[in-house]
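Understanding the architecture of this molecule
Given next are the chains, with one letter for each unit.
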Amino acid sequence: MIKDMSFEGQLLHIPYEKPDVHKALAMPVYQSVACEFDTAEAMEEAFCGRSKDHFYSRITNPTVQYYEDRIRRLTDALSVTALNSGMSAISNTFLTLAYAGANIITSPHLFGNTYSFLKNTLAGLGIEARFCDLTNLEEVRSRMDENTCAIFLEVITNPQMEVADLKQLAVIGQAAGIPLIADTTVVPFSVFHAREFGVDIELISSTKYISGGATSLGGLIIDYGTFRGERSKVLKMWRGPVGNEGFTSRLRREIHRNTGAYLTPQAAYMQNLGLETLQLRFIRQASTCLELARSLQKEEAIVSVNYTGLEDNPFYALSQTQFGEFPGAMLTFDLISREACFSFLNKLKLIRRATNLFDNKSLIIHPASTIYGSFPEEVRRSMHVKQQTIRLSVGLESTDDLLNDIRQALY
Ligand SMILES: *Cc1c(COP(=O)(O)O)cnc(C)c1O
């Protein structure tokens, strides 16, 4: 019956793993490091993975697991792992799949810390990030070899707003026996069904839309179980009789507990609440974003507006196919110079000068001088991060309130 319901209907009525003794309607925060056992035998069963009893909150916790279960049921995934930030979702995924000598096919159009993790941190472990143009399938194929362990991308890059064709990349990945991994932070799973486009493993910074008003950091790894890992050099010993759980097994039984990256129960409680209003907030924020993008195109002081929901955007058609009417609640626009950007930012009264995305409040930032501020100019240029670009994350204010603030700051 739950399967026939809307996203919100399903989400709100997914039962707890065990009945709550007080019948609490909000999943309680199990703020406890350990759980005890009645017998030594039961303890052995739990520690050896033969029962699902919780024993230590770095490994599983009832509150965090309820949050994971809700998302697993909603996305129909094989497994969902909640981590303490988006970056730990990304780092744990590659530590699970890669090995010294492996390489990852990706684009230079990445979130700043993701780029640095792939290029610098993984390089120190002998893992190479091969940056290429993921919209050029020939280039993708030509950069792959027998040590390629994944194709990785962000579904709408920021601040470039590039969209690659997921289905085509998935075909290339499947032929090589490697997973297509997508960071889908900018378009939530309530509207974008990554698995239908061939994504094997979905990564999300739940700090953004899901946390519900920027309450807490968090990350998610959603394994659809579609990557079987037959040819993986490191997942062989983790594959069970079904054969598609190698990634999740190594992640949950080795990497994630060894890096100590599990979400905290308090953050899981907040993100569980955020999840309940995700779709409501997203539709409101994304429709304001589209309206705003159309209005900003008419402003004389704005050189260009970049949002893939605009008909004249080069990625419009692909974006409609993959993400539908509302491709996120973030847009970028260019002014004539870095100085014009700074002057504009300093005059804003309502929109907050802050990093982060998808808070309830609208947030604005000049990416080149902040997120990418410590990158050498030539690296910034290779990532197509321009000095004239401003990024706006649209909140829950009305379109008119936002337009009025932008106009008074532009002129
Ligand atoms: C914010 C963000 C991250 C990192 O997430 P944290 O929760 O800050 O660690 C990764 N990818 C994208 C696209 C992001 O916007």
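Each value, and the rule that gives it
- Residues numbered from 1 in each chain as written.
- Predicted model: local features only at pLDDT ≥ 70, side-chain atom pairs only at ≥ 80, totals over all residues.
- Heavy atoms only, no water.
- Near = heavy atom within 4 Å.
- Polar contact = N/O pair within 3.5 Å; in protein donor to acceptor, adjacent residues only side chain to side chain.
- Areas by Shrake-Rupley, 256 points an atom, 1.4 Å probe, with all protein chains shown as cover.
- Helix = DSSP H or I, 4+ residues; strand = E, 2+ residues; numbered from the N terminus.
- Buried < 20%, exposed > 50% of the residue type's maximum accessible area, 1.4 Å probe, protein only.
- Arc of directions from axis to C-beta.
- Contact = heavy atoms within 4.5 Å.
- 1 Å grid on protein atoms, 1.4 Å probe; cavity = no way out; pocket = protein on both sides within 12 Å on 5 of 7 lines; lining within 4 Å.
- Points joined across faces, edges and corners; volume = space filled by probe spheres on them.
- Phe/Tyr/Trp six-rings, centres within 6.5 Å; stacked < 30°, edge-to-face > 60°.
- Pairing = 2+ DSSP bridges.
- Axes fitted to C-alpha atoms, helices over the stretch in contact; angles between N-to-C directions.
- Parallel < 35°, antiparallel > 145°, perpendicular 65-115°, else oblique.
- Left-handed = near helix turned anticlockwise from the far one by under 90°.
- Nonpolar A, V, L, I, M, F, W, Y, C, P; charged D, E, K, R; others polar.
- Core = buried A, V, L, I, M, F, W, Y, C linked by side-chain atoms within 4.5 Å.
- Domains from an automatic or database assignment.

Let us now look at the site of the ligand. Residues in close proximity to the ligand total 13 residues, the closest being Gly-86, Asp-183, Ser-205, Thr-207 and Lys-208. Residue Asp-183 places a side-chain N or O atom 2.7 Å away from a nitrogen atom belonging to the ligand. A distance of 2.6 Å is found between an oxygen atom of the ligand and a side-chain nitrogen or oxygen belonging to Thr-207. Coverage of the ligand by the protein amounts to 91% of the 380 Å² it exposes when considered alone. It is helix H4 (residues 86-97) that contributes the most residues to the shell around the ligand, three residues altogether.

Turning our eyes to something else, we now look at helix H12 (residues 338-347). The periodicity of an α-helix, 3.6 residues per turn, causes residues three or four positions apart to be oriented the same way. Every buried residue of H12 is accounted for by Cys-341, Phe-344 and Leu-345. One face of H12 carries all of its buried residues, which in axial projection span an arc of 100 degrees. Residues Glu-339 and Asn-346 are exposed on H12 and point more than 90 degrees away from its buried face. Each element contacted by the buried residues of H12 is listed here: strand E9 (330-334), strand E10 (352-353), strand E11 (363-365), strand E12 (389-393) and helix H14 (399-410).

Here we take up the layout of surface pockets. With a probe scaled to a water molecule rolled over the atoms, the places where space remains empty come into view. One number sums up the size of the largest pocket: a volume of about 930 Å³. In terms of lining, the largest pocket is formed by 26 residues, of which the most central are Lys-52, Thr-60, Gln-65, Thr-248 and Arg-252. Ranked by residue count, the leading element in the lining of the largest pocket is helix H8 (residues 246-259), at five residues.

This part covers the packing of aromatic side chains. Given two aromatic rings, their pairing is described by the distance between the two centres and the angle made by the two planes. With the rule as written, the count across this model stands at twelve aromatic pairs. Here Phe-94 and Phe-152 contribute two aromatic rings whose centre-to-centre distance is 5.2 Å and whose plane-to-plane angle is 80 degrees, an arrangement assigned as edge-to-face. Placement of Phe-94 in helix H4 and of Phe-152 in strand E4 (residues 148-154) is noted, with a sequence separation of 58 residues between them. For the pair shown, Phe-94 and Phe-152 are each scored as buried. Here the aromatic rings of Tyr-209 and Phe-282 are separated by 5.2 Å at their centres, their planes lie at 90 degrees, and the arrangement is edge-to-face. Taken together, the residues Tyr-209 in the loop between strand E6 (201-205) and strand E7 (219-223) and Phe-282 in helix H10 (residues 278-296) connect sequence positions 73 residues apart.

Before going further, it helps to spend a moment on empty space enclosed by the protein. Under the definition given, this model contains four cavities of 30 Å³ or more. Empty space within the largest cavity amounts to approximately 60 Å³. Lining the largest cavity, in full, are Thr-184, Thr-185, Val-187, Pro-188, Phe-189, Ile-204, Ser-205, Ser-206, Lys-208, Tyr-209 and Ile-210.

Strand order in the open sheet formed by seven strands is E1-E7-E6-E5-E4-E2-E3, and the pairing between neighbours is mixed. Two strands close off the open sheet at either side, each with one partner strand: strand E1 (79-83) and strand E3 (128-131). Ignoring which end each strand starts from, the neighbouring axes of this sheet average 20 degrees apart. In terms of strand pairing, E6 meets E7 through five bridges, oriented antiparallel. Following the sheet pairing, Glu-202 is matched in E7 by Ile-222. Most of the contacts of helix H3 (residues 62-75) go to E1, to which it runs at about 140 degrees, and overall it touches E1 and E7. Strands E1, strand E2 (103-106), E4, strand E5 (180-183), E6 and E7 of the sheet are contacted by H4, whose axis makes an angle of about 150 degrees with E6.

We now examine the packing of H4 against helix H5 (residues 112-121). Interaxial distance between H4 and H5 falls to 10 Å at its minimum, and their mutual angle equals 25 degrees. One finds that H4 runs roughly parallel with respect to H5. Note on packing geometry: the crossing formed by H4 with H5 is right-handed. Across from Met-87, Ile-90, Ser-91 and Phe-94 in H4, the residues of H5 making contact are Asn-113, Thr-114, Phe-117 and Leu-118. Its residues assigned to classes, the contact of H4 with H5 comprises five nonpolar, three polar and no charged.

Side chains of nonpolar character tend, in soluble globular proteins, to be buried together. Phe-189, Phe-333 and Phe-344 are the most contacted members of the largest nonpolar core, which totals 86 residues. Counting the residues that make up this core, at least three belong to each of domain 1 (2-275) and domain 2 (279-410). Here Phe-333 is in contact with Leu-296, Ile-302, Ser-304, Val-305, Phe-344, Ile-364, Gln-388, Thr-389, Ile-390 and Leu-392, once residues within four sequence places are set aside. The next biggest cluster of nonpolar side chains, apart from the first, holds 35 residues, and it includes Leu-110, Cys-149, Ala-150 and Met-383.

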